[in-house]
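Tertiary structure, described
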Amino acid sequence: MSIVTVVGNPRAGSRTYGAAVAATNAIAERVGGEPFDASGPAVVDLSALAPVLLDPGQHAALEVALELVAEASITVFASPTYKATYTGLLKSFVDRFPPNALAGRIALPVLVMGDPRHALAVETHFRPLLVELGARVPTPGLALLESELPGADAIARWADLVSPQIVTREGALR
């Protein structure tokens, strides 16, 4: 089972990046995937791809990232909250996928927010984006307050809630 993380923060080394890796590792521990370190190939950091995301041409690094996500069993999509939803950087990346590109795959939305008033954005805005791509999106998505970071307790509670929706006792994706 392959697990990939997509980080939609325009700043490299962001708190969103750290929270996304922690969330991915928490899921991996619970569903039998391999935890990874932040330097591994299983993280797509969109801050590095920002210069080519709006260029209609093909770019090797972007094509590799798209393929990595399309082939993953589980993808954690993480973004800071911008204007009460995910970043335009993340949206530009997912817009590169054809319809139903994530059919049969699990997608887990993670939003890092500065204000608790944005907590519903993970379900009302982020989830529909991933469902539109055909992904199965277990509930609830993870909404983390910046003040909760690094968020180990909140991430663990979330992973405990969603992991049963991902894997059966036999270890197969549902």
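For the structure itself, consult the block above.
So, here's what we can say about the structure. (Residues numbered from 1 in each chain as written. Predicted model: local features only at pLDDT ≥ 70, side-chain atom pairs only at ≥ 80, totals over all residues. Heavy atoms only, no water.)

1. Some remarks on the packing of aromatic side chains
Counted under the stated rule, the structure contains two aromatic pairs. Here Tyr86 and Phe126 contribute two aromatic rings whose centre-to-centre distance is 5.4 Å and whose plane-to-plane angle is 40°, an arrangement assigned as tilted. Of this pair, Tyr86 sits in the loop between strand S3 (74-80) and helix H4 (88-94) while Phe126 is found in helix H5 (residues 121-132), placing the two residues 40 residues apart along the sequence. Judged by its relative accessible area of 0%, Phe126 is buried. (Phe/Tyr/Trp six-rings, centres within 6.5 Å; stacked < 30°, edge-to-face > 60°. Helix = DSSP H or I, 4+ residues; strand = E, 2+ residues; numbered from the N terminus. Buried < 20%, exposed > 50% of the residue type's maximum accessible area, 1.4 Å probe, protein only.)

2. Points about the sheet that holds strand S1 (residues 3-7)
One key point about sheets: their strands pair by backbone hydrogen bonds, in either a parallel or an antiparallel sense. Read from one edge of the open sheet, five strands run S2-S1-S3-S4-S5, paired in parallel fashion. Of all strands in the sheet, those with a lone pairing partner are strand S2 (43-45) and strand S5 (142-145), marking the two edges. When the angles between neighbouring strand axes are averaged without regard to direction, this sheet yields 15°. Summarising the sheet, S1 and S3 pair through five bridges and their orientation is parallel. Considered in S3, the bridge of Val6 is made with Phe77. Along the sheet, helix H1 (residues 15-31) contacts S1, S2, S3, strand S4 (106-113) and S5; its crossing angle with S1, the most-contacted strand, is approximately 165°. (Pairing = 2+ DSSP bridges. Axes fitted to C-alpha atoms, helices over the stretch in contact; angles between N-to-C directions. Contact = heavy atoms within 4.5 Å.)

3. Examining the side chain of Asn9
Note that Asn9 resides in the loop between S1 and H1. On the accessibility criterion, Asn9 (2% relative accessible area) is buried. Polar side-chain contacts of Asn9 include one of 2.9 Å to the backbone nitrogen of Arg11. Separated by 3.2 Å, the side chains of Asn9 and Thr16 make a polar contact. Those residues within four positions of Asn9 in sequence are excluded, and the remaining contacts are Ser14, Thr16, Asp45, Ser47, Pro80, Tyr82 and Leu89. (Polar contact = N/O pair within 3.5 Å; in protein donor to acceptor, adjacent residues only side chain to side chain.)

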